[in-house]
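So the chains spell out like this:
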Amino acid sequence: MLDTALSHSRPFPADKEYRMSSDVVERFLAALDPAHREALGSRARGEQEQLAAAWEKELEQDTDLDTLDELSPPAAEQEAARRVVERLTE
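Below or above, wherever it landed, is the structure these notes cover. Given the structure is predicted, the values throughout are model-derived calculations rather than measurements.

With 17 residues, helix α4 (residues 45-61) should cover 24 Å at 1.5 Å per step; its first-to-last C-alpha distance of 24 Å lies within 8% of that length. As for α4, its buried residues are in contact with α2 (24-31), α3 (34-41), α5 (63-71) and α6 (73-89).

The following block contains the structure:
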C-alpha cells in the first residue's frame, strides 16, 4: 500500500509531461525564457555546454531550489536558469 502511494507522488519518466531530453544543453535551453533561449541557442556549442554545467551546479548546490524542486521541478529548473543568465550579464 505504501509503495502505491509513493509511486503516484511524482510523474513517471515515461509520462508525456515528464519526458526530458538526456542532453543537458537541451534541458538548460528549455528552462530559459523564450528571449534568452533564442539568444543563447545561437551561441557556440561549447559555450552552451559551460552554461548548462553552471545550471546543473546551481540546481545541485542551492538548497532553496531543492525545496522548489519538490513542489515543481520545472520551476526549479527555470529559476536556476534565470540565475545563470543573470550572472552571465553581470
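The rest of the description comes next.
Scanning all chains against the criterion turns up 10 salt bridges. With a closest N to O distance of 2.5 Å, R83 and D62 form a salt bridge. Here R83 is found in helix α6, whereas its partner D62 is found in the loop between α4 and α5, with 21 residues between them in sequence. Given a relative accessible area of 18%, R83 falls into the buried group. Salt-bridge contacts for R83 lead to E79; the nearest nitrogen and oxygen are separated by 2.9 Å. In this pair, R83 and E79 both sit in helix α6, 4 residues apart, roughly one turn of the helix. Overall, E79 belongs to the partly exposed group, its relative accessible area being 21%.

What counts, and at which threshold
Residues numbered from 1 in each chain as written. Predicted model: local features only at pLDDT ≥ 70, side-chain atom pairs only at ≥ 80, totals over all residues. Heavy atoms only, no water. Helix = DSSP H or I, 4+ residues; strand = E, 2+ residues; numbered from the N terminus. Expected span 1.5 Å × (residues − 1). Contact = heavy atoms within 4.5 Å. Salt bridge = Lys/Arg side-chain N within 4 Å of Asp/Glu carboxyl O. Buried < 20%, exposed > 50% of the residue type's maximum accessible area, 1.4 Å probe, protein only.

Scope: geometric values only; no functional claims are made or implied.
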